[in-house]
Every structure is written in structure tokens, then in C-alpha cells.
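Each chain, written out:
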Amino acid sequence: MFGVLLVGMMLAAGCSGADAGSSDTSEATGTFPVTIEHVFGSTTVPEKPERIVALGVSDADVILALGQVPVGNTGFTFYETGLGPWAEGLVGDAELTRIQSDSEPNLEQIAGLAPDLILGLAAGFDEQMYGALSEIAPTIARPQGTAAYAVPRAQATDTIATALGVPEKGAELNAQTDQLIADTVAKYPEFAGKTGVAVMSYDGVYAGFLPGDGRGQFLTGLGFTIPDEVTSRDTGDTFYVEVSAENVNLLDADVMLVLGPNENFDIVAENPAFANTKAGRDGAIVPATIDQRGAITYNSVLSIPYAIDNLAPRIADALK
């Protein structure tokens, strides 16, 4: 319900059916030029951008929510276009161009899109690649003090909205999302005081996602606490901690949200040690669907309502 309401508001704002790179300049209340500080220095956007490349894997969600359609975008591998079901309705008839990598993108492909702004807040490119991208168009990287792929949702939304000249829209979107989260916390008081962790299996080991990551932020936003055994291993350099197959007890929590290749993935069948965790003993291991996994991974003002609609009730059921 919440996701439908928020997408409906975006459609009503005239996002649907826009041409790629189109915008309503009458709504731009930001003052240009605007300079934005980031991990590689600062970037000045001289005038309202019309042709935006969303190089960050979730940056396109924010651009779409603000009423523009990027001329190129990356995205997680869950989706062919890079966009989840919460965002597709805002593209309209615009033609999308998928850029395959956020860390080592095809520079010729990007240059061919003739962008006037490249956004890489949720991207992993290094300073050398930033320099090459800046030769094509003004490029904004993640904020100073944040790890790659771990920029808080509100900060990413505010930064992108400022770069697009609509800071008040970014503030409004964040306020709507914050209210939705607060309403959800009130609806599920049983989440308070519980521990929760999002876990993914890969290459024979397991990732436990940190509070700075979207998957961790989803759980902490609902009132859960990431277990100390996970947060104490945070080096500040990445968005997850790696746990070996022999040490899955370090991922022990009241609720375990499992992000597998599909909703039928059985982490206990893969590693019986998970049955001996608290979540395993209490029947509180929740396997996410691909779209649910995608929604908390994108962690955007568009995907959070989808995640709340579809995952919060399942988590509540697991705690009964």
C-alpha cells in the first residue's frame, strides 16, 4: 500500500511518460552554479542538468523520484534495465541505456550519451576513473567519510536533489520516507529491542551487512539492532563483514533476513549450522524474494516503501 501511494505521488507529479533527460525547469528552485563536496574533491554543476548519467547503482531511483529520467544508468544484476519494479512506472516511454559497470564503466559509451552530469554516489569507481569521467562531464562521487555503496539514503537523496536544482523536493522525499518508517515502527512495536541481520551466501562464505549498508539500514530503520559480533568487525572500508562457514554463530540474531539467489534458497540446507542460531531455533530465518532483496539493497526513497510493504509483515510473522 505504501509503495503504491508513493509511486502514485510521483506519477501525479508528471514523472510518467517523460523523455530521457527531460525536466520541468519551472520547478527548479536551486541556484546555479552549485558546488558539491565529495570524496575526490568538489564538483561544480554550472546549470540545471538535462542529460544525467546515473552511474551509482541506485542513483537512478532518486533521479526518477525527482521527476527526471537518466539518459544512462547502472543498477544491480537483479534487473535487466537496472531498475526495480518500484521505479519502472516512472520511466514512461523514455529510452533507457544500461551501463554495465559502476566501477569500470565504458567511457566511450558514456561520452556517446553526451551527459551534462554524471552521478556516482552509489558507485565504486576510484579516483583515476573519477578523473576520466570528469573529462566527459561534471562528476559527483560519494560523500567524504562514506564507504563505497554505503551512503545513507537521506544524504544521497539530498545531494542528488541539490545537484539537480530541486533541494526542496529531496527534503520532501526524505520527510515522506522518514514518516513511513516511523509509522511502520509504530505498527510493529515488537521489533524494538530485537537484533536483526541480513545475510548473503557467496563463494562458500557469508556476508553480514553493516548498519551503513542499505540492507542493514532497512533493519535498523525498523527498530532492530545489528548484532555486536557483526558491528565490532567493521573496518570502515566496506559495507559488510565476511564470516566463514564454520563461524556462522557470529551472525546470531533474533531475525535473520537471508538474501539468496531466489526465494526458495534454504540457507540451513546449505549449512546446517544455521539451524543452531537463535533465528534458526525460533523459526525466524526469513528468505527474501529477489524483488524484496533488490528493494532493501537499493535502499532508496522509491524502494523502501516496496520493502516495507512486502517484508515487514513477513518479519513480524517470523517473530510470533
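The rules behind each value
- Residues numbered from 1 in each chain as written.
- Predicted model: local features only at pLDDT ≥ 70, side-chain atom pairs only at ≥ 80, totals over all residues.
- Heavy atoms only, no water.
- Buried < 20%, exposed > 50% of the residue type's maximum accessible area, 1.4 Å probe, protein only.
- Helix = DSSP H or I, 4+ residues; strand = E, 2+ residues; numbered from the N terminus.
- Pairing = 2+ DSSP bridges.
- Right-handed = clockwise from strand over helix to strand, strands pointing away.
- 1 Å grid on protein atoms, 1.4 Å probe; cavity = no way out; pocket = protein on both sides within 12 Å on 5 of 7 lines; lining within 4 Å.
- Points joined across faces, edges and corners; volume = space filled by probe spheres on them.
- Salt bridge = Lys/Arg side-chain N within 4 Å of Asp/Glu carboxyl O.

Caption draft 1: Structural context of the pairing of strand β5 (residues 117-120). On β5, burial covers both faces: Leu117 and Leu119 on one face and Ile118 and Gly120 on the other are all buried. Note: strand β3 (residues 52-54) against β5, three bridges, orientation parallel. Within β5, the residue paired with Ala54 across the bridge is Leu119. This β-α-β element, β5 to helix α4 (residues 127-134) to strand β6 (residues 139-141), shows right-handed connectivity.

Caption draft 2: Representation of the layout of surface pockets. Approximately 530 Å³ is the volume attributed to the largest pocket. Around the largest pocket, the lining is made up of 33 residues, and of these Val57, Phe76, Tyr149, Arg215 and Thr297 lie nearest the centre. Within the residue set of the lining of the largest pocket, elements represented by two or more residues are α2 (59-65), α5 (153-163), β7 (196-202), β8 (205-209), α7 (214-221) and α11 (290-298).

Caption draft 3: How the structure looks around the pattern of salt bridges. Counting across every chain of the model gives six salt bridges. One salt bridge connects Asp254 with Lys278, and the closest N-O pair in it is separated by 3.2 Å. Placement of Asp254 in the loop between β9 (240-244) and β10 (255-258) and of Lys278 in helix α10 (residues 278-281) is noted, with a sequence separation of 24 residues between them. Classification of Lys278 as partly exposed rests on a relative accessible area of 32%. Here Lys278 makes a salt bridge to Asp282, at a shortest N to O gap of 2.7 Å. Since its relative accessible area comes to 43%, Asp282 is described here as partly exposed.

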